[in-house]
Amino acid sequence: EAGVTQFPSHSVIEKGQTVTLRCDPISGHDNLYWYRRVMGKEIKFLLHFVKESKQDESGMPNNRFLAERTGGTYSTLKVQPAELEDSGVYFCASSQAYNTQGGGLTEAFFGQGTRLTVV
Amino acid sequence: RKEVEQDPGPFNVPEGATVAFNCTYSNSASQSFFWYRQDCRKEPKLLMSVYSSGNEDGRFTAQLNRASQYISLLIRDSKLSDSATYLCVVNPLLYNQGGKLIFGQGTELSVKP
């Protein structure tokens, strides 16, 4: 079974340009998350989709970031215009729907990340 | 104050050593707790969940103290392949509910021959 895939693996753009990151979750996973790690800091939550709906976008840093998940399958994260402080590794993760039977673990599986460098 | 704080690393240990990682979290309402492992330039991967009763998986033992808001991970008989960054992670929701993860900064472990 394919894991979470992210594209591109690396991106180098100039300040002011636009970049779009893509995430393909594990098939059948309703939950999709975006996280970011900037240099020297911890991995931080950006937002959470349940299917195509934004469940929690409390971690989005500002309105230069736009995430979409049309049709509830893959997701894109667009940064426009990019700033130097946006450099970092952007991770996507997916997990199955909430386990309504009460037990078990809804494990989040991470993609390998997109390393974004803004120069 | 960070929401999840870990021992600053790196830890450099010889093969066969026992090593312990400590972590504290600030939100007493946190519901679920995990240790993730991240190899260099790779994605984080779940190592184990952490339960109040304590749990063990082979050479790895995790403990949770909700009263002290403290989580630990013990690795016995460390192997070269254990070299990685260990991430302490908490979640406001229960283990079966998904939800956002809150990460510590990670503690790097290097196991030497």
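Shown above is the structure to which this text applies.
What comes next is a walk through the structure. (Residues numbered from 1 in each chain as written. Chains lettered and ligands numbered in written order. Predicted model: local features only at pLDDT ≥ 70, side-chain atom pairs only at ≥ 80, totals over all residues. Heavy atoms only, no water.)

The next point concerns the overall build of chain A. Counting its secondary structure elements, chain A contains 0 helices and 11 strands. Beginning at the N terminus, the succession of helices and strands in chain A can be written as β-β-β-β-β-β-β-β-β-β-β. For chain A, the C-alpha atoms occupy an extent of roughly 50 × 25 × 25 Å along the three principal directions. Looking at chain A as a whole, 44% of its 119 residues are labelled buried. When the accessible surface of chain A is summed, it comes to about 6200 Å², and 48% of that surface belongs to carbon and sulfur atoms. Within chain A, the 13 negative side-chain charges are centred at a point lying 4 Å from the centre of the 12 positive side-chain charges. (Helix = DSSP H or I, 4+ residues; strand = E, 2+ residues; numbered from the N terminus. Buried < 20%, exposed > 50% of the residue type's maximum accessible area, 1.4 Å probe, protein only. Areas by Shrake-Rupley, 256 points an atom, 1.4 Å probe, with all protein chains shown as cover. Lys, Arg positive; Asp, Glu negative; His and termini not counted. Charge placed at Lys NZ, Arg CZ, Asp CG, Glu CD.)

Here we come to the packing of aromatic side chains. Residues and elements named next belong to chain A. In this structure the tally under the stated criterion is 13 aromatic pairs over all chains. Ring geometry for Tyr35 versus Phe45: centroids 5.8 Å apart, planes at 70 degrees, classification edge-to-face. Taken as a pair, Tyr35 in strand E4 (residues 31–37) and Phe45 in strand E5 (residues 44–50) lie far apart in primary sequence, 10 residues in all. For Tyr35, a relative accessible area of 0% corresponds to the buried category. (Phe/Tyr/Trp six-rings, centres within 6.5 Å; stacked < 30°, edge-to-face > 60°.)

A separate point is the interface of chain A and chain B. In this complex, chain A contributes 25 residues to the contact, which on the side of chain B involves 21 residues. A buried area of about 2000 Å², summed over both sides, lies between chain A and chain B, and 51% of it is on carbon and sulfur atoms. Of all residues in chain A, A:Glu42, A:Leu105 and A:Phe110 give up the largest surface area on contact with chain B, accounting jointly for 25% of the area buried on that side. The interface formed by chain A and chain B includes 1 salt bridge. The partner of B:Lys2 in a salt bridge is A:Glu42, and the shortest N-O contact between them spans 3.7 Å. (Contact = heavy atoms within 4.5 Å. Buried area = accessible area lost by both parts, 1.4 Å probe. Salt bridge = Lys/Arg side-chain N within 4 Å of Asp/Glu carboxyl O.)

On to the nonpolar core. Ranked by size, the top nonpolar core spans 41 residues in total, and within it A:Tyr35, B:Trp35 and B:Ile71 carry the most contacts. A total of 6 residues in this core trace back to one element, the largest contributor, which is strand E9 (residues 84–91) of chain B. Residues A:Ile26, A:Met60, A:Ala67 and A:Val79 belong to the second largest nonpolar core, which totals 21 residues. (Core = buried A, V, L, I, M, F, W, Y, C linked by side-chain atoms within 4.5 Å.)

As a further point, take the side chain of A:Ser75. Residue and element names in this part refer to chain A. Examined against the element boundaries, Ser75 turns out to sit in strand E8 (residues 75–79). The buried category is assigned to Ser75, whose relative accessible area is 0%. Here the side chain of Ser75 touches Trp34 through a polar contact of 2.9 Å, side chain to side chain. When residues no more than four places from it in sequence are discounted, the contact partners of Ser75 are Leu21, Arg22, Cys23, Leu32, Trp34, Phe49, Glu68 and Arg69. (Polar contact = N/O pair within 3.5 Å; in protein donor to acceptor, adjacent residues only side chain to side chain.)

Our focus in this paragraph is the state of the cysteines. Within this structure, the stated rule accounts for 2 disulfides over all chains. A:Cys23 shares a disulfide with A:Cys92; S-S distance 1.9 Å. Every disulfide takes its handedness from the sign of the S-S torsion; for A:Cys23 and A:Cys92 that torsion is -65 degrees, giving left-handed. With A:Cys23 in strand E3 (residues 19–24) and A:Cys92 in strand E9 (residues 88–95), this residue pair connects regions lying 69 residues apart in the sequence. Comparing A:Cys23 with A:Cys92, the two get one shared label, buried. Here B:Cys23 engages in a disulfide with B:Cys88; their sulfurs sit 2.0 Å apart. When the S-S torsion is -80 degrees, as for the bridge of B:Cys23 with B:Cys88, the disulfide is left-handed. One end of the pair, B:Cys23, is in strand E3 (residues 19–25); the other, B:Cys88, is in strand E9, with 65 residues separating them in the sequence. (Disulfide = S-S within 2.5 Å.)

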